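Structural features, examined
One letter stands for each residue in the lines below.
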Amino acid sequence: MADLVNVIDMAAIRDAKIRMGVDPLGGAGVHYWASIAEHYRLDLTVVNEEVDPTFRFMTVDWDGRIRMDPSSPYAMQRLIGLKDRFDIAFACDTDHDRHGVVTHSTGLLPPNHYLSAAIHYLFQYRPTWRGDAAVGKTVVSSQMIDRVAAKLGRKLYEVPVGFKWFVDGLLDGSLGFGGEESAGATFLRLDGSVWTTDKDGIVPALLAAEITARMGRDPGAVYSELTREFGESVYDRIDAPATPEQKKLLAKLSPQQVKSTQLAGEAIQAILTHAPGNEAPIGGLKVVAEHGWFAARPSGTENIYKIYAESFRGADHLRAVLTEAQAIVGAALA
């Protein structure tokens, strides 16, 4: 707790008198937040200190189940409802390695939106980081991150799903930030040395308050500015049925097995089965066009495969990408 000052500008948060709300969701960080507030003299309110192994205090997720997901607008209903009380509010999942950020300006930020805003901020407000420190993201994270990294003049390090791929770069400082679309992230200390090599929910949450303090606007407003410059992204993930045999085939597909040349009306620019950042197998397939892409990966626990997709041409184009993704994957598996 005392070490947080070496990774977050706690004085900026305190001096700007940022009003913060936090919901620990009954998890591992429940006793940390009040101590952090006291130690750093922050205006931080813990909106729920309840700990209950049945989690009956939760609002249910989209399918009626209790799911401790700080990215879900259903699970985050209580904090979203309190957004006007605070300048910034946040939650972490129960083991506190993922974050959810609720902004005064736009409400709950989708994970990809916050990652983009955080990267845009960090690489401008961390002057002692290495000049060649790269931006780390997984292959299923938003292409908005690619565009932000290019604007910042930073190398993009795109790796398969799994935080283990960021470890070496975080340890030696060649990677300033590592993030994944499921709201997992970490970044270097202020001096450019390693903070942690795994996801850390508390630090990205507090970073949202630092951004608000030092930029004079919250991460929701920062992301809105990015969309005006780079276009608006829509993103979704769906599940499709797959037999165990099909899942094995999907994990071992080669680019040559994809016969399509178009994706949702655009020429396919790349067909990837290995991550561009480190050439490690992605355990599936990623197909990229100019304004949209999809990635397909088999589930490790269910007889399904997951399709991640994004479009910079709106919801109708995204639906077309998702529909054609299933057709492309189905044809390759056949």
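Structure's up top.
Quick caveat, the model's predicted, so the values are computed rather than measured.

1. Some thoughts on the sheet that holds strand S9 (residues 184–187)
Here we have four strands laid out as an open sheet, ordered S7-S6-S8-S9, and mixed in their pairing. Where the open sheet ends on each side, the last strands, each with one partner, are strand S7 (156–159) and S9. When strand polarity is set aside, the average angle formed by the axes of neighbouring strands in this sheet is 15 degrees. Across the face of the sheet, helix H4 (residues 111–122) comes into contact with strand S6 (134–138), strand S8 (175–180) and S9 while running at roughly 175 degrees to S8.

2. Here we look at the side chain of Ser 116
Following the sequence through the fold, Ser 116 ends up in helix H4. With near-sequence residues (within four places) excluded, Ser 116 lies in contact with Met 144, Ile 145, Val 148, Tyr 223 and Leu 226.

3. Description of the sheet that holds strand S10 (residues 234–241)
The strand order across the open sheet built from five strands is S10-S16-S15-S14-S13, with neighbouring strands paired in antiparallel fashion. Looking along the sheet, the strands with just one partner apiece sit at the ends: S10 and strand S13 (270–274). In this sheet, adjacent strand axes meet at a mean angle of 15 degrees when their direction is disregarded. When S13 meets strand S14 (residues 281–288), the two strands line up antiparallel, connected through four bridges. Within the sheet, the bridge partner assigned to His 274 lies in S14 and is Pro 281. The strands touched by helix H9 (residues 244–251) are S10, S14, strand S15 (292–298) and strand S16 (304–311); relative to S15, the strand with the most contacts, the crossing angle is about 125 degrees.

4. Description of the packing of helix H5 (residues 144–152) against helix H8 (residues 219–230)
Taken N-terminus to C-terminus, the directions of H5 and H8 make an angle of 85 degrees; their axes are 11 Å apart at the nearest point. As far as their axial angle goes, H8 and H5 are roughly perpendicular. Seen from H5, the contacting residues are Met 144, Arg 147, Val 148 and Lys 151; seen from H8, they are Tyr 223, Leu 226, Thr 227, Glu 229 and Phe 230. In terms of residue class, the contact of H5 with H8 is made up of five nonpolar, one polar and three charged.

5. Digging into the side chain of Glu 180
Tracing the backbone shows Glu 180 in strand S8. Dropping the residues within four chain positions of it, Glu 180 is found in contact with Leu 115, Thr 138, Ser 141, Gly 162, Phe 163 and Lys 199.

6. Re the packing of aromatic side chains
Scanning the model with the defined rule gives seven aromatic pairs in all. Its guanidinium or amino end placed over the ring of Phe 312, Arg 147 lies 3.6 Å from that ring's centre, counting from NZ or CZ. The ring of Trp 293 carries Lys 286 above its face, with NZ or CZ at 4.6 Å from the centroid.

Reading guide: rules and limits
Residues numbered from 1 in each chain as written. Predicted model: local features only at pLDDT ≥ 70, side-chain atom pairs only at ≥ 80, totals over all residues. Heavy atoms only, no water. Pairing = 2+ DSSP bridges. Helix = DSSP H or I, 4+ residues; strand = E, 2+ residues; numbered from the N terminus. Axes fitted to C-alpha atoms, helices over the stretch in contact; angles between N-to-C directions. Contact = heavy atoms within 4.5 Å. Parallel < 35°, antiparallel > 145°, perpendicular 65-115°, else oblique. Nonpolar A, V, L, I, M, F, W, Y, C, P; charged D, E, K, R; others polar. Phe/Tyr/Trp six-rings, centres within 6.5 Å; stacked < 30°, edge-to-face > 60°. Lys NZ or Arg CZ within 6 Å of the ring centre and 35° of its normal.

So yeah, pure geometry; function would need other evidence.
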